[in-house]
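# Inside the fold
The chain contents come next:
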Amino acid sequence: MTGTPALLTDHYELTMVQAARQSGTADRRSVFELFPRRLPEGRRYGVVAGVGRALDAIESFRFDAAAIASLEGVVDPDMLDWLASYRFTGDVWGYAEGEAYFPHSPLLMVEGTFAEAVLLETVLLSIYNHDSAIASAASRMTLAAGERPCIEMGSRRTHEEAAVAAARAAYVAGFDATSNLAARQRYGVPSAGTAAHSFTLLHDDEADAFRAQVQTLGVGTTLLVDTYDVGEAVRLAVEVAGTGLGAVRLDSGDLGLVAREVRAQLDELGATQTRIVVTSDLDEHAIAALAAAPVDAYGVGTQLVTGSGHPTCGFVYKLVAREGSDGELVSVAKRSKDKVSVGGRKYALRRRSPAGTAQAEVVGIGDQPADDGNDRNLLVPLVRAGEAVGRATLEEARARHRASLDELPRAVTMMSAGEPVIPTVFER
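The present account deals with the structure reproduced in this document.

## Observations regarding the overall build of the chain
Helix and strand counts for the chain come out as 15 helices and 19 strands. Taken over the C-alpha atoms alone, the chain extends approximately 80 × 55 × 35 Å along its principal axes. If you take every contact in the chain between residues at least 6 apart in sequence, the share linking residues at least 24 apart comes to 73%. Total accessible area computed for the chain in this model is approximately 18,400 Å², and 50% of it derives from carbon and sulfur atoms. Treating the 42 positive side-chain charges of the chain as one cloud and the 57 negative ones as another, the clouds have centres 5 Å apart.

## Notes on the pairing of strand 5 (residues 108-113)
The buried fraction of strand 5 amounts to five of the six residues, a majority that puts the element mostly inside the structure. One ladder, built from six bridges, connects strand 1 (residues 29-36) with strand 5; its direction is antiparallel. Along strand 5, the bridge assignment pairs Val 31 with Glu 111. Sheet topology note: the strand 3 (residues 91-95)/strand 5 ladder contains four bridges and is antiparallel. In the sheet register, Val 92 faces strand 5, and the bridge partner there is Val 110.

## Description of the sheet that holds strand 16 (residues 376-377)
One open sheet accounts for four strands, arranged 16-14-15-19; its pairing is mixed. With partners counted over all chains shown, the strands left at the sheet margins are strand 16 and strand 19 (424-427), one partner each. Direction of pairing for strand 14 (residues 346-352) relative to strand 16: antiparallel, over a ladder of two bridges. When the bridges of strand 16 are listed, Arg 350 appears paired with Arg 376.

## A short note on helix 6 (residues 121-145)
The end-to-end C-alpha distance of helix 6 is 36 Å, a good match for the 36 Å that 25 residues give at a rise of 1.5 Å each. The element helix 6 is extensively covered by neighbouring structure, given that 23 of its 25 residues are classed as buried. With its phi angle positive at about 65 degrees, Gly 146 sits one or two positions after the end of helix 6.

## Focus on unusual backbone geometry
In this model, Asp 281 sits at a positive phi of 50 degrees, which is unusual for a non-glycine residue. Residue position: Asp 281 is located in the loop between strand 10 (275-278) and helix 13 (284-289). One non-glycine residue, Ser 308, lies in the positive phi region at around 50 degrees. In this fold, Ser 308 is placed in the loop between helix 14 (302-305) and strand 12 (315-323). Accessibility expressed as a relative area gives 12% for Ser 308, which makes it buried.

## Quick notes on the sheet that holds strand 12
In space, the seven strands of this open sheet follow the order 13-12-1-5-3-17-18, with antiparallel pairing throughout. Where the open sheet ends on each side, the last strands, each with one partner, are strand 13 (329-331) and strand 18 (387-388). Where strand 3 meets strand 17 (residues 379-384), four bridges bridge the pair, whose relative direction is antiparallel. Residue pairing in the sheet places Tyr 95 in a bridge with Leu 379 of strand 17. The strands touched by helix 6 are strand 1, strand 5, strand 12 and strand 17; relative to strand 12, the strand with the most contacts, the crossing angle is about 140 degrees.

## Overview of the side chain of Asn 129
Within the secondary structure, Asn 129 sits in helix 6. The exposure class of Asn 129 is buried, given its relative accessible area of 11%. Polar side-chain contacts of Asn 129 include one of 3.1 Å to the backbone nitrogen of Gly 314. Sequence-distant contacts of Asn 129, that is, excluding residues within four places in its chain, are made with Pro 311, Thr 312, Cys 313, Gly 314 and Phe 315.

## Thoughts on the environment of Tyr 171
Topologically, Tyr 171 is positioned in helix 7 (residues 160-172). On the basis of relative accessibility, which here comes to 7%, the residue Tyr 171 falls in the buried class. A C-alpha to C-alpha distance of 8.3 Å links Tyr 171 and Ala 138, two positions 33 residues apart in sequence.

## Comments concerning the environment of Gly 46
Following the sequence through the fold, Gly 46 ends up in strand 2 (residues 46-47). Residue class for Gly 46 comes out buried when judged on its relative accessible area of 1%. In this structure, the C-alpha to C-alpha distance between Gly 46 and Arg 140, residues 94 residues apart in sequence, is 9.3 Å. Not counting residues within four places of it along the chain, the set of residues in contact with Gly 46 comprises Leu 39, Glu 99, Ala 100, Tyr 101 and Ser 136.

## Topic: the pattern of salt bridges
This structure, assessed with the given rule, holds 24 salt bridges. Ionic pairing is found between Arg 235 and Glu 239, a salt bridge with its closest N-O pair at 2.9 Å. With a gap of four residues between them, Arg 235 and Glu 239 both fall in helix 11 (residues 230-241), about one helical turn apart. Residue classification places Glu 239 among the exposed residues on the basis of a relative accessible area of 51%. Linking Glu 407 and Arg 350 is a salt bridge whose minimum nitrogen-to-oxygen distance equals 3.5 Å. Taken together, the positions of Glu 407 in the loop between helix 15 (394-406) and strand 19 and Arg 350 in strand 14 put the pair 57 residues apart, joining distant regions of the chain. Residue classification places Glu 407 among the buried positions, given a relative accessible area of 7%. Members of the salt-bridge network, linked through shared partners, are Glu 99, Arg 350, Arg 352, Glu 361, Arg 376 and Glu 407.

Cut-offs used in this document
Residues numbered from 1 in each chain as written. Predicted model: local features only at pLDDT ≥ 70, side-chain atom pairs only at ≥ 80, totals over all residues. Heavy atoms only, no water. Helix = DSSP H or I, 4+ residues; strand = E, 2+ residues; numbered from the N terminus. Contact = heavy atoms within 4.5 Å. Areas by Shrake-Rupley, 256 points an atom, 1.4 Å probe, with all protein chains shown as cover. Lys, Arg positive; Asp, Glu negative; His and termini not counted. Charge placed at Lys NZ, Arg CZ, Asp CG, Glu CD. Buried < 20%, exposed > 50% of the residue type's maximum accessible area, 1.4 Å probe, protein only. Pairing = 2+ DSSP bridges. Expected span 1.5 Å × (residues − 1). Axes fitted to C-alpha atoms, helices over the stretch in contact; angles between N-to-C directions. Polar contact = N/O pair within 3.5 Å; in protein donor to acceptor, adjacent residues only side chain to side chain. Salt bridge = Lys/Arg side-chain N within 4 Å of Asp/Glu carboxyl O.

Structure representation (structure tokens):
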């Protein structure tokens, strides 16, 4: 995220605080919860992503001079003075990045004054809803791919900044690399890429294009072989690069059928170690359908960066407790039809069998649920007194994602629509 995130918010966040300051309630201790009411239809689990980006946003949420100037006429001068000195000084607990989640999982618990905590609503929802949608789709894709690597290639199919966040989220959920160089620079996500059809079309013939690419990138490169005739291109590719050619890429047609034909041709030409990479509007279902095909890697673009049909997770950010007249926290909850929330500070653990298989998402209201000895607490400290304390590396998030999925029931691997693989249970 570049610049201050303070204006990545909604107008009514500021007017609420102004009114609360006038009524004397702005400084009431408050607890907000970020959670999903449900999973996207048919999904069996979700994946938390964007935690690191959210921590960056909280720490840099400042109204600088330019931001203050832009808000003249939105709120009164007294409110502008307050915004100029705004700092979040509260505490945040949440699910660690890469963790699986289920309906009503308390993904974030934000505690501070009402004024401090409510201003974070929009930017936190923006980050979590986007990144977790991408990670959830990416996780299903990497599950379908098994041991075969997946490469994120969706930059040209989404907003330029969303593309960077998507590459990061996909890496958390098991993708091996991205085509996006900003994600490499900002987050250290490995990048990959060779050439497009335009490079082949630039040259007088396909052999010249292949020769130029191999001379520049070496025989381990990946040659795109479906610009003209696939069979002829494969023959030329091996002729130019030799049997040590790294890979060929297929980007059109019946990928399973064409991959089988190309594999047979490569083997016949002696290029038995040359890999086959497939691209072309892949999603988790297409990847699963190619499981028996001689494919070695997948490049995924549009379907990944749009959440494979679910570009947002539907997370909400609700006030669940606030300070009462006696100084104690009072549970509060919305009762609107179809949008009911559950009041109270939440705690969560993953209930597991003696063998370590997850059995339920247990959400405690007001108190930590009892651990029977096999369970795993899910909330970790992320911010204390305004300072981020819960940062993790992307490699740690990737490892957590793998471990989280490994403990879920086997139904998690199914690509068909179904209910969440474990139920959510509330304990009061």
